[in-house]
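A structural walkthrough
Here is what each chain is made of, one letter per residue.
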Amino acid sequence: MNVKQKLWLALAIAVGVSIFLIFYKDENHPILKSPTRANSESTKKLWELKSDERGAVAISVTPLELSSTAPEWKFDVTLNTHSVELDWDMVKEATLVDDRGNSYKPQKWDGAFGGHHREGVLIFAPIVPAPTSVELKIAGGVEPVKNFAWNITN
């Protein structure tokens, strides 16, 4: 085999390995599985979606992270309506209440503003010490206050 053929063969092998690595994403494969990702996914709790469709606005909320070790507590929030403008300031309209009656305002809203369909993430500082339960309250203009509660077990 001459030098030119060896170069073509090496190039073909490199392309084949690259294609394999790009398209082969079996996350359960013991060699390709990231130990850090595997550990974090297995310990991450999946939280229940809660919905409230009273009034003109339907709201669905799912906690994304409520662990005592999380740097932020996050809630995925979806708002839908066909009759009012959803121009609420979510940082002002949302309150998190712990099992001891303490209230906390969000640090920020990471999501859409206005329209008839909004989605985003409400971000709070973690509550320390962690409560046994939390209730997220969302007020919105003429709407009845929406309440969403979860038990926290650490």
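Here goes a summary of the coordinates provided.

The rules we used
Residues numbered from 1 in each chain as written. Predicted model: local features only at pLDDT ≥ 70, side-chain atom pairs only at ≥ 80, totals over all residues. Heavy atoms only, no water. Phe/Tyr/Trp six-rings, centres within 6.5 Å; stacked < 30°, edge-to-face > 60°. Helix = DSSP H or I, 4+ residues; strand = E, 2+ residues; numbered from the N terminus. Buried < 20%, exposed > 50% of the residue type's maximum accessible area, 1.4 Å probe, protein only. Contact = heavy atoms within 4.5 Å. Pairing = 2+ DSSP bridges.

**A word on the packing of aromatic side chains**
- Counted by the stated rule, this structure contains two aromatic pairs.
- Ring centres of Phe75 and Phe124 lie 5.7 Å apart, and the angle between their planes is 85 degrees; this geometry places the pair in the edge-to-face category. Taken together, the residues Phe75 in strand β3 (residues 73-81) and Phe124 in strand β7 (residues 117-124) connect sequence positions 49 residues apart. You'll find Phe75 and Phe124 in the same group, each marked buried.
- Of the residues examined, Phe75 reaches a relative accessible area of 0% and is grouped as buried.
- One aromatic cluster is present, built from ring pairs that chain together Phe75, Phe124 and Trp150.

**Some thoughts on the environment of Asn151**
- Among the structural elements, Asn151 can be located in strand β9 (residues 146-151).
- In the structure, Asn151 is positioned 20 residues away from Pro131 in sequence and 8.7 Å away in space, judged by C-alpha atoms.
- Excluding residues that lie within four positions of it along the chain, Asn151 makes contacts with Lys45, Trp47, Thr132 and Ser133.

**Things to note about the sheet that holds strand β8 (residues 133-138)**
- Reading across from one edge, β5-β4-β8-β9 is the order of the four strands in this open sheet, with antiparallel pairing throughout. Edge positions in the sheet fall to β5 (103-104) and β9, since each of these pairs with one other strand and no more.
- Bridging between strand β4 (residues 94-98) and β5 involves two bridges; their strand directions are antiparallel. Bridged to Val97 within β5 is Ser103.

All quantities given are derived from atomic positions and should not be read as evidence of function.
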